[in-house]
Amino acid sequence: MSVVPTIGSAAPAQRQFLAELLQAGLLIDGGAPGLYGRGPGFERVRLAVDGLVDRIAAADLAEPLRFPPVMPRRHLETSGYPATFPHLTATIFAFEGDEADAAEQSRCVSCGEDWSAYQRMTDLVLTPAGCYPVYPAIAQREPLPRDGIVVDAGGTYVFRREPSQDPARMQMFHQRELVRLGPPSAVAGWRRTWLDRAIDLLTRLQLEPVADVASDPFFGRQGRILASGQREQALKFEVSVSIGGEQPTAVASFNYHRDHFSGRFGIRSQDGGTVHTACLGFGLERITLALLYRHGLDTSGWDDPLRALLMLA
């Protein structure tokens, strides 16, 4: 049985903002809720935000690693993601039949009928967060140095099956991700440092950020228990700004995984110490939307200090 995801609600101001973005050519209607192309004006700002994060992250001397927006299904299964986020997991299906199957699939497509019976699950999934390919990649190496490492996973596309009329809730978007792997005290301190950096960054962008303890959208009754524990232990922080709704929208998140990923993927330290991990993610589209909502759709009208910070000519 196929289930069509419910389209998320959006406030009138959010729907109006979306209409203005489409009218201005900043976003391009992709034919489904939460699926958009990006016009040149939008991309100019998004890349400027990404560049600003680059300059701030330079102090970490992070190792740049880049991955495609798909990953092996077995790696996501090892991470535990499908068990805790089944509603957000997106597997890739493909045709693997014979000529008769191909003909029948073509007939179904032509007649507007369901043709999913002729598709089979592949060994690939869409990447749900930029940090997930990092852990199996690091696990292939020699044990980590005693102080660990920082990985800059870049601003890759990630996928979340959350269709909505809210322009900030896209189904596919760029998540700028950095990952810290190493001793517990170093990892926890790195996360605190980046929380402060993010608040400062968004304040300088004049977006009036608000930071708070948060939880991931775990699934079901067991998920509510996990979310409660995550909040109680302050394992996740989010920084939010206004993008048209009554409540601010999260544009950056900071997760402390303890030894979850190092244990599942067998990541070790040279000195035999416990390896913890933490990640931070900036939603580049959401920060871009917040800037356009706050300062106007025409960047030529933004004040000089803001344009200089973003290096907008």
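Residues numbered from 1 in each chain as written. Predicted model: local features only at pLDDT ≥ 70, side-chain atom pairs only at ≥ 80, totals over all residues. Heavy atoms only, no water.

### Quick look at the overall build of the chain
No. 1: For the chain, the helix and strand inventory stands at eleven helices and twelve strands.
No. 2: Its C-alpha atoms give the chain a radius of gyration of 21 Å, within 12% of the compact-globule value 20 Å for 313 residues.
No. 3: Summarising its shape, the C-alpha atoms of the chain cover approximately 60 × 55 × 35 Å along the three principal directions.
No. 4: In the chain, buried positions account for 47% of the 313 residues.
No. 5: Taking the intrachain contacts of the chain between residues at least 6 apart in sequence as the baseline, contacts between residues at least 24 apart amount to 71%.
No. 6: Taken as a whole, the chain presents about 15300 Å² of accessible surface, with 53% of it coming from carbon and sulfur.
No. 7: Looking at charge distribution, the chain has the averaged site of its 31 positive side-chain charges lying 5 Å from that of its 36 negative ones. (Helix = DSSP H or I, 4+ residues; strand = E, 2+ residues; numbered from the N terminus. Rg over C-alpha atoms; globule rule 2.2 N^0.38 Å. Buried < 20%, exposed > 50% of the residue type's maximum accessible area, 1.4 Å probe, protein only. Contact = heavy atoms within 4.5 Å. Areas by Shrake-Rupley, 256 points an atom, 1.4 Å probe, with all protein chains shown as cover. Lys, Arg positive; Asp, Glu negative; His and termini not counted. Charge placed at Lys NZ, Arg CZ, Asp CG, Glu CD.)

### Points about the pattern of salt bridges
No. 1: Counting across every chain of the model gives 15 salt bridges.
No. 2: Of the charged contacts, one joins Asp50 and Arg176 as a salt bridge, the two residues approaching to 2.4 Å between their closest N and O atoms. Pair noted here: Asp50 is in helix 2 (residues 40-57) and Arg176 is in strand 8 (residues 172-182), with a separation of 126 residues, a long-range link.
No. 3: Arg141 is paired through a salt bridge with Glu63; the nearest N and O atoms lie 2.5 Å apart. Remark: Glu63 occurs in strand 3 (residues 63-64) and Arg141 occurs in the loop between helix 6 (134-139) and strand 7 (149-159); sequence separation between them is 78 residues.
No. 4: On the basis of relative accessibility, which here comes to 34%, the residue Arg141 falls in the partly exposed class. (Salt bridge = Lys/Arg side-chain N within 4 Å of Asp/Glu carboxyl O.)

### Concerning the sheet that holds strand 6 (residues 119-126)
No. 1: Across the sheet, three strands lie side by side as 4-6-5; this open sheet has antiparallel pairing. Only two strands of the sheet have a single partner each, and these edge strands are strand 4 (70-72) and strand 5 (91-95). On average, each strand axis in the sheet is tilted by 55 degrees relative to the strand beside it, whichever way the strands run. (Pairing = 2+ DSSP bridges. Axes fitted to C-alpha atoms, helices over the stretch in contact; angles between N-to-C directions.)

### Let's talk about the packing of aromatic side chains
No. 1: Considering all chains together, one arrives at seven aromatic pairs under this definition.
No. 2: When the ring of Tyr135 is compared with that of Phe261, the centres are 4.2 Å apart and the planes differ by 5 degrees; the resulting orientation is stacked. Separated by 126 residues along the polypeptide, Tyr135 in helix 6 and Phe261 in helix 9 (residues 260-265) bring together distant segments of the chain. By the burial criterion, Tyr135 is buried, and Phe261 matches it.
No. 3: Through a chain of ring-to-ring contacts, three or more aromatic side chains come together here, namely Tyr81, Phe85, Tyr132, Tyr135, Phe218 and Phe261.
No. 4: Sitting over the face of the ring of Trp194, Arg197 holds its NZ or CZ atom 4.7 Å from the ring centroid. (Phe/Tyr/Trp six-rings, centres within 6.5 Å; stacked < 30°, edge-to-face > 60°. Lys NZ or Arg CZ within 6 Å of the ring centre and 35° of its normal.)

### A look at unusual backbone geometry
Excluding glycine, most residues fall at negative phi; most peptide bonds, likewise, are trans.
No. 1: Although it is not a glycine, Gln206 sits at a positive phi angle of roughly 65 degrees.
No. 2: When its relative accessible area of 28% is taken as the criterion, Gln206 is described as partly exposed.
No. 3: Phi is positive for Ala234, close to 50 degrees, though the residue is something other than glycine.
No. 4: When you line up the elements, Ala234 lands in the loop between helix 8 (220-232) and strand 10 (236-241).
No. 5: Classification of Ala234 by relative accessible area gives partly exposed; the value is 22%.

### Considering the packing of helix 2 against helix 10 (residues 284-295)
No. 1: Running from N to C, helix 2 and helix 10 point in directions that differ by 115 degrees, and their axes come no closer than 9 Å. It follows that helix 2 is roughly perpendicular to helix 10 by the angle criterion. Judged by the sense of rotation from one axis to the other, the crossing of helix 2 with helix 10 is right-handed. In this structure, helix 2 contributes Phe42, Val45, Arg46, Val49 and Asp50 to the contact, and helix 10 contributes Leu284, Glu285, Ile287, Thr288, Leu289, Leu291 and Leu292.
No. 2: For the contact of helix 2 with helix 10, a count of residues per class yields eight nonpolar, one polar and three charged. (Parallel < 35°, antiparallel > 145°, perpendicular 65-115°, else oblique. Left-handed = near helix turned anticlockwise from the far one by under 90°. Nonpolar A, V, L, I, M, F, W, Y, C, P; charged D, E, K, R; others polar.)

### Some details on the side chain of Asp50
No. 1: Since its relative accessible area comes to 16%, Asp50 is described here as buried.
No. 2: Aside from chain neighbours lying at most four places away, what touches Asp50 is Arg176 and Leu284.

### Quick notes on the sheet that holds strand 7
No. 1: Here seven strands make up an open sheet; going across it, the order is 3-7-8-12-11-10-9 and the pairing mixed. The strands lining the two open edges of the sheet, one partner per strand, are strand 3 and strand 9 (210-213).
No. 2: One ladder, built from two bridges, connects strand 3 with strand 7; its direction is parallel. Residue pairing for strand 7: Glu63 is matched across the bridge by Val151.
No. 3: Sheet strands in contact with helix 7 (residues 184-204) are strand 7, strand 8, strand 9, strand 10, strand 11 (249-258) and strand 12 (276-283), and its direction is about 15 degrees off that of strand 12.

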